Amino acid sequence: MDKHDGRDAGTIRLDDPWYDALAVGWGEGGETVPPRPDAGGRTASGASDIYLEVQRSAAFQEVRGRYRRFVVPATAGFFLWYVAYVVAATTAPGLMARPVFGPVNVALLAGLGQFLSTFLLTWAYARHARLRRDRAALDLRWTVFEQERDQERTGAREEGR
């Protein structure tokens, strides 16, 4: 149970729409229900319209932009670091075999540096996501959930007529 800082700050949301989503049939390739025409003969808006509206929103674009601004440079930097290690190991064996202290040489330090940089990058990604994207993504999730719930209520009322 997480607190949601939005309109109802301080309340605990117990009805998380994504909790155990696969258990209710989402994402399992099941049948899709085509949208029903409304009273005017037009097709009623479905969940796909809600998702398209959210995808076009400025909030969604900001979340995606923040993601890309971190991931693209981080991936490029890590890939270059990895390629530099492999190239140095194959083209400059003398440099890589140079002892630093005792039996520890440059190649061993660079190899351990690969592991260290992996853990540091993982930590940096998790921190970036937590501080810069998670709250905005959660707000978008609740927006979609509330729009779908309103749509279901409207559809249930129309069927009851």
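Above: the structure in question.
Only a predicted model underlies this, so the values are computations on that prediction, with no experimental measurement involved.

K.L.:
Help me out: how do you make sense of the overall build of the chain in this one?
P.N.:
Along the chain, the regular secondary structure elements total 4 helices and 2 strands. Scanning the chain from its N terminus toward the C terminus, one meets helices and strands in the order α-α-α-β-β-α. A total of about 12,300 Å² of accessible surface is found on the chain, and carbon and sulfur atoms cover 60% of it.

K.L.:
When you look at the packing of aromatic side chains in this model, what are you seeing that I'm missing?
P.N.:
One pair of aromatic rings is described through two measures. These are the centre distance and the angle between the planes. Following the criterion strictly, the structure yields 2 aromatic pairs and no others. With centroids separated by 5.9 Å and ring planes inclined at 50°, the aromatic side chains of Phe70 and Tyr125 adopt a geometry described as tilted. A residue pair is termed long-range when its members are at least 10 positions apart, and Phe70 in helix H2 (residues 58-91) and Tyr125 in helix H4 (residues 106-160) qualify at 55 residues. Assessed through its relative accessible area of 18%, Phe70 is described here as buried. Centroid distance Trp142 to Phe145: 5.4 Å. Interplanar angle 75°. Geometry classified as edge-to-face. Placement of the pair is Trp142 and Phe145 together in helix H4, with a separation of 3 residues, close to one helical turn.

K.L.:
It is not clear to me how the nonpolar core should be interpreted in this structure. Could you clarify?
P.N.:
In globular proteins that are soluble, nonpolar side chains generally tend to be buried together. Residues Ile50, Val54, Val63, Leu140 and Val144 constitute the largest nonpolar core, which totals 5 residues. Listed by contribution, the elements that provide at least two residues to this core are helix H1 (47-56) and H4. Not counting chain neighbours up to four residues away, the residues in contact with Leu140 comprise Val54, Ser57, Ala59, Phe60 and Val63.

K.L.:
Before we go on, may I ask you to explain the pattern of salt bridges in this structure?
P.N.:
Any two side chains of opposite charge can pair if their charged atoms end up close together. Considering all chains together, one arrives at 2 salt bridges under this definition. Two residues, Arg66 and Glu62, come together in a salt bridge whose shortest N-O distance is 3.0 Å. With Arg66 and Glu62 both in helix H2, this residue pair falls 4 residues apart, about one helical turn. Its relative accessible area of 34% is what places Glu62 among the partly exposed residues. Arg69 is the salt-bridge partner of Glu62, the closest N and O atoms lying 3.4 Å from each other. When its relative accessible area of 54% is taken as the criterion, Arg69 is described as exposed. Through salt bridges that share partners, Glu62, Arg66 and Arg69 make up one connected network.

K.L.:
I tried to follow the packing of H2 against H4 on my own but got confused; where do I start?
P.N.:
Each pair of packed helices gets described by two things: the angle between the helix axes and the distance between those axes. Taken N-terminus to C-terminus, the directions of H2 and H4 make an angle of 175°; their axes are 10 Å apart at the nearest point. When the interaxial angle is binned, H2 and H4 end up roughly antiparallel. Grouping the amino acids of the contact of H2 with H4 by side-chain chemistry returns 19 nonpolar, 6 polar and 3 charged.

What counts, and at which threshold
- Residues numbered from 1 in each chain as written.
- Predicted model: local features only at pLDDT ≥ 70, side-chain atom pairs only at ≥ 80, totals over all residues.
- Heavy atoms only, no water.
- Helix = DSSP H or I, 4+ residues; strand = E, 2+ residues; numbered from the N terminus.
- Areas by Shrake-Rupley, 256 points an atom, 1.4 Å probe, with all protein chains shown as cover.
- Phe/Tyr/Trp six-rings, centres within 6.5 Å; stacked < 30°, edge-to-face > 60°.
- Buried < 20%, exposed > 50% of the residue type's maximum accessible area, 1.4 Å probe, protein only.
- Core = buried A, V, L, I, M, F, W, Y, C linked by side-chain atoms within 4.5 Å.
- Contact = heavy atoms within 4.5 Å.
- Salt bridge = Lys/Arg side-chain N within 4 Å of Asp/Glu carboxyl O.
- Axes fitted to C-alpha atoms, helices over the stretch in contact; angles between N-to-C directions.
- Parallel < 35°, antiparallel > 145°, perpendicular 65-115°, else oblique.
- Nonpolar A, V, L, I, M, F, W, Y, C, P; charged D, E, K, R; others polar.

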